[in-house]
Amino acid sequence: MEKDEKLMEKITSLCKRRGFIYPGSEIYGGLAGTFDYGPLGVALKNNIKTLWWKKFVDGRVDMYGVDAAILMNSAVWQASGHVDTFTEALVECGKCHKRFREDHLKEKGKCDECGGDTGLSRKFNGMFKTQIGAVEDSSSTVYLRPETAQGMFVNFKNIIDSFHPKLPFGMAQIGKAFRNEITPRDFIFRVREFEQMEIEYFIKDEDWEKYFEYWKDEMLAWMEGMGIDMNKVHELEVEKEDLAHYSKRTIDFEFDFPFGLKELYGLAYRTDFDLKSHNLIYQDEETSSKIVPHVIEPTFGVDRTVLALMLSAYTEDNGGIETRPYLAFKPSVAPVVCAVSPLLKNKPELRDYAHILYRTLKDEFGRVMWDDNGNIGKRYRRQDEIGTPWCIVVDFDTLTDDTVTIRDRDTGVQERIKKVDIIDYIKERMN
Ligand code: GAP
């Protein structure tokens, strides 16, 4: 079993072919920086988001979930500093007129495409602008949020008034974010519309180092728990001059993508920058003292999680006559938990039995697939490729003794078990 260099091509093609991820607006020639998730991609993303919510919101006593509107009053983005500072240096090639982010150029001052001179850079704001209402003037300008974080800060007072939390406590949100990336690239790594899972954790300023370390460990535990290849995860201490305008310290968790070591997640100490900017305070109900809490922000991109998981899970088994590619997803993450098949498609007695079993398992696990296309070997290969941990087959013995075969994706080994034991068998192995 080995991993190889053409991994990105293989993953991109597998995603399209098997219904994980399609290029956005494809039948109209596409739209750069956008992708559409198909049934398996949605299932994978939903599993990621559900597991994240379970761990960081439902599994804790100090976290408050919100789902804020994407469109916000523009004053939010003025106060947060995004209108003035959410910018990148943009350069344009004098020869072919292609545009690039200056810091993405392979050679400073030279066009990546034709080698022409790129000249001086200018500032480019990464927020998408749109208009609200029928009249187009500056008072109707709104932005699509470039981070979900501000949707939490603006609800800080609401949470305090409704729930009276004591410090430290956190707010959490999962939702879409939009950035007008100059050069979207590397499949779903850098896109213009993506999803974030973010936490704003409010603390007393003197505790920031303690909670920074705490959230670093929590983030590492999350990655490991999801099945991200930890040998490919590296911590990068972001240099002072590269810090975002709100941050005093940031660590990027970089992943060893086939196109380079790049940011997967981030952990930032946002100080009291945001709450101060929005004129928000916290009053201790017992002592009546007023403070502006400081913030530790663990941030996770959903799409980059999908990519890192795909890359971590992709395996080629070269032990047989043909290479057998499979996605070694953990069962809790896999888009399909198990597939059910009749051994032969054209035998009604096998089909009927298998179909009842399929419905029973679907009621239990939801993510169950019916597969009776092609011969059994082809079905196994198809399920391996999409990372289904177990394939269950109904054959002629099933009709006499109510047993089925259950095949393990990673080893290819089949066991014969009783139909009544299937649910427990899967539950015991669900991690
Ligand atoms: N609230 C802090 C914040 O937004 P960020 O590092 O700019 O910080 C957070 O973004 C995460 O969002 C990144 O670690 C990454 O996972 C994801 N992300 C950012 N830009 C992205 C893009 N263009 N395409 C896909 N994911 C992106």
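If you're wondering where the values come from, they're calculated on a predicted model, not measured in any experiment.

Parameters at a glance
- In this convention, every chain numbers its residues from 1, walking through the sequence in written order.
- Two thresholds apply to this predicted model, a pLDDT of at least 70 for residue-level local features and 80 or more for giving and counting side-chain atom pairs, whereas whole-chain, interface and lining totals are computed over all residues.
- As a rule here, side-chain values come from all non-hydrogen atoms in the structure, and water together with hydrogens is ignored.
- A run of DSSP states H or I qualifies as a helix once it reaches four residues; a run of E qualifies as a strand once it reaches two. Both are numbered from the N-terminal end.
- Note on exposure labels: buried denotes an accessible area under 20% of the residue type's maximum, exposed denotes more than 50%, and partly exposed covers the range between, all computed with a 1.4 Å probe on protein chains only.
- We call two residues in contact whenever any of their non-hydrogen atoms come within 4.5 Å of each other.
- Note on areas: Shrake-Rupley with a 1.4 Å probe; residue coverage comes only from the protein chains shown.
- When charges are counted, Lys and Arg contribute as positive and Asp and Glu as negative, whereas His and the chain ends are disregarded.
- To locate a charge, the coordinates of NZ of Lys, CZ of Arg, CG of Asp or CD of Glu are taken.
- Here the nonpolar core consists of buried residues drawn from Ala, Val, Leu, Ile, Met, Phe, Trp, Tyr and Cys, with membership extended through side-chain atoms lying within 4.5 Å.
- Multiply 1.5 Å by the residue count of a helix minus one, and that product is the helix's expected span.
- By convention here, the domain bounds are inherited from an automatic or database domain assignment.
- Two parts placed together each lose some accessible area under a 1.4 Å probe, and the buried area is that loss summed for both.
- By definition, a salt bridge exists where a carboxyl oxygen of Asp or Glu is found within 4 Å of a side-chain nitrogen of Lys or Arg.
- Axis definition: a line fitted to C-alpha atoms, limited for helices to the stretch in contact. Angles are taken between N-to-C directions and run from 0 to 180 degrees.
- Roughly parallel means an angle under 35 degrees; roughly antiparallel, over 145; roughly perpendicular, 65 to 115; everything else is oblique.
- Crossing handedness follows the turn of the near helix against the far one: under a right angle anticlockwise gives a left-handed crossing, and clockwise gives a right-handed one.
- For this scheme, ten residues count as nonpolar: Ala, Val, Leu, Ile, Met, Phe, Trp, Tyr, Cys and Pro. Four count as charged, namely Asp, Glu, Lys and Arg, and the remainder, Gly too, count as polar.

**Q** Before we move on, could you go through the overall build of the protein chain and cite the residues and values that matter?
**A** Along its length, the protein chain carries 13 helices and 23 strands. Reported as C-alpha extents along the three principal axes, the dimensions of the protein chain are approximately 75 × 65 × 50 Å. Out of the 431 residues in the protein chain, the part that is buried amounts to 49%. In the protein chain, of all internal contacts separated by at least 6 residues, the share reaching a separation of at least 24 is 64%. Carbon and sulfur atoms form 50% of the exposed surface of the protein chain, whose accessible area is close to 20,800 Å². Where the 60 positive side-chain charges of the protein chain centre and where its 74 negative ones centre are 4 Å apart.

**Q** Hey, could you go over the nonpolar core for me, with residue numbers and the actual values?
**A** With 59 residues, the main nonpolar core has Phe-20, Trp-222, Ile-296 and Phe-329 as its most contacted residues. Non-local contacts of Phe-329, meaning those with residues more than four positions away in its chain, are made with Phe-20, Leu-44, Leu-309, Met-310, Ala-313, Ala-334, Pro-335, Ile-386, Gly-387 and Arg-409.

**Q** How would you sum up helix H9 (residues 302-313)? Please name residues and give values.
**A** With twelve residues, H9 extends 16 Å from end C-alpha to end C-alpha; this agrees with the ideal 16 Å at 1.5 Å per step. Residues of H9 that are buried: Val-302, Asp-303, Arg-304, Thr-305, Val-306, Leu-307, Ala-308, Leu-309, Met-310, Leu-311, Ser-312 and Ala-313.

**Q** Before we move on, could you go through the domain arrangement of the protein chain and cite the residues and values that matter?
**A** Structurally, the protein chain comprises domain 1 (2-71 + 148-311) and domain 2 (336-429). Here the C-alpha centroids of domain 1 and domain 2 sit 36 Å apart. Counting residues at the interface gives six residues for domain 1, matched by six residues for domain 2. Both sides together, the interface formed by domain 1 and domain 2 hides about 560 Å², and carbon and sulfur atoms give 57% of it. A per-residue breakdown of the area domain 1 buries against domain 2 is headed by Arg-18, Leu-40 and Asn-47, which together make up 65% of the total. Connecting domain 1 to domain 2 are two salt bridges. Note that Arg-17 and Glu-385 form a salt bridge whose closest N and O atoms lie 3.0 Å from each other.

**Q** Break down the packing of helix H1 (residues 7-17) against H9 for me, with residues and values.
**A** Relative orientation of the contacting elements H1 and H9 amounts to 110°, with a least axis distance of 11 Å. By the angle between their directions, the pair H1 and H9 is classed as roughly perpendicular. Classified by chirality, the crossing of H9 by H1 is right-handed. On H9, the residues touching Leu-7, Met-8, Ile-11 and Cys-15 of H1 are Leu-307, Met-310 and Leu-311. Of the residues that constitute the contact of H1 with H9, the class distribution is seven nonpolar, no polar and no charged.

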